[in-house]
Amino acid sequence: QLQLVESGGGLAQPGGSLRLSCTASGVTLDYYAIGWFRQAPGKAREGVSCIDSSGGSTNYADSVKGRFTISRDNAKNMVYLQMNSLKPEDTALYYCAARRYTCPDYQSAYNYWGQGTQVTVSS
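Values in this document were obtained by computation on a predicted structure and should not be read as measured data.

Considering the packing of aromatic side chains
In this description, a pair of aromatic rings is defined by centroid distance and the angle of the planes.
Next, step 1: Under the counting rule described, the total for this entry stands at six aromatic pairs.
Next, step 2: Between phenylalanine 37 and tyrosine 110 the ring centres are 5.0 Å apart and the planes differ by 85°, which places this aromatic pair in the edge-to-face class. Of this pair, phenylalanine 37 sits in strand E4 (residues 32-39) while tyrosine 110 sits in the loop between strand E9 (92-100) and strand E10 (112-113), and the two are 73 residues apart along the sequence.
Next, step 3: Phenylalanine 37 sits in the buried class, given a relative accessible area of 5%.
Next, step 4: Residue tyrosine 110 is classed as buried on the basis of its relative accessible area of 7%.
Next, step 5: Ring centres 4.8 Å apart and planes at 50° place the aromatic pair phenylalanine 37 and tryptophan 113 in the tilted group.

Okay, structure coming up:
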């Protein structure tokens, strides 16, 4: 079973930056699309970004476009979410998730989920 682990969360000031990482234990991510999601208290989980297995296709939620960048380094078995120009509304628990090859249209299509890493944006 594929196990995903997120890291890199923490406290940032508005306008600051954080880089989240997602990695798998014991299994290569070469054949998996990786999505980033977030969930704030009292709100539904929402999609943030996704990158396909080759890195050739990416997508972003409108709320983060131009501020966040998803990337992957298959040699390191890592996927990253670079978050710049952070806003208080970015505060949430951030998850990475995986499915084979291509980014799906629905959250339910992701087969594996990490436990999440907390991002808090506050002055």
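Side note on the pairing of strand E8 (residues 78-83)
Next, step 1: Burial analysis of E8 places five of its six residues in the buried class, the great majority of the element.
Next, step 2: Looking at chain direction, strand E3 (residues 18-25) and E8 are connected through six bridges and run antiparallel. Residue pairing in the sheet places leucine 18 in a bridge with methionine 83 of E8.
Next, step 3: Relative to E8, strand E7 (residues 68-73) runs antiparallel, the two sharing six bridges. Each bridged residue has a counterpart across the sheet, and for isoleucine 70 the counterpart in E8 is leucine 81.
Next, step 4: Counting the residues between successive antiparallel strands, the hairpin from E7 to E8 contains four residues, one of them, asparagine 77, with a positive phi of roughly 60°.

Considering the pattern of salt bridges
Next, step 1: Applying the stated criterion across every chain, the model contains three salt bridges.
Next, step 2: Across the pair arginine 38 and glutamate 46 runs a salt bridge, and its minimum N-O distance is 2.8 Å.
Next, step 3: Classification of arginine 38 as buried rests on a relative accessible area of 5%.
Next, step 4: Under the relative-accessibility criterion, glutamate 46 is labelled partly exposed at 35%.
Next, step 5: The partner of arginine 38 in a salt bridge is aspartate 90, and the shortest N-O contact between them spans 2.9 Å. Of this pair, arginine 38 sits in strand E4 while aspartate 90 is found in the loop between E8 and E9, placing the two residues 52 residues apart along the sequence.

Here's the deal with the state of the cysteines
Next, step 1: Inspection of the entire model under this criterion finds two disulfides.
Next, step 2: One disulfide in the model links cysteine 22 with cysteine 96; its S-S distance is 2.1 Å. Sign of the S-S torsion, about 70° for the bond between cysteine 22 and cysteine 96, identifies this disulfide as right-handed. Of this pair, cysteine 22 sits in strand E3 while cysteine 96 sits in strand E9, and the two are 74 residues apart along the sequence.
Next, step 3: The class for cysteine 96 is buried, based on a relative accessible area of 0%.
Next, step 4: A sulfur-sulfur distance of 2.1 Å marks the disulfide that ties cysteine 50 to cysteine 103. For the disulfide bridge between cysteine 50 and cysteine 103, the dihedral angle about the S-S bond is near -95°, and by the sign convention the bridge is left-handed. You can see cysteine 50 sitting in strand E5 (residues 46-51) and its partner cysteine 103 sitting in the loop between E9 and E10, a full 53 residues away along the chain.

The rules we used
Residues numbered from 1 in each chain as written. Predicted model: local features only at pLDDT ≥ 70, side-chain atom pairs only at ≥ 80, totals over all residues. Heavy atoms only, no water. Phe/Tyr/Trp six-rings, centres within 6.5 Å; stacked < 30°, edge-to-face > 60°. Helix = DSSP H or I, 4+ residues; strand = E, 2+ residues; numbered from the N terminus. Buried < 20%, exposed > 50% of the residue type's maximum accessible area, 1.4 Å probe, protein only. Pairing = 2+ DSSP bridges. Salt bridge = Lys/Arg side-chain N within 4 Å of Asp/Glu carboxyl O. Disulfide = S-S within 2.5 Å.

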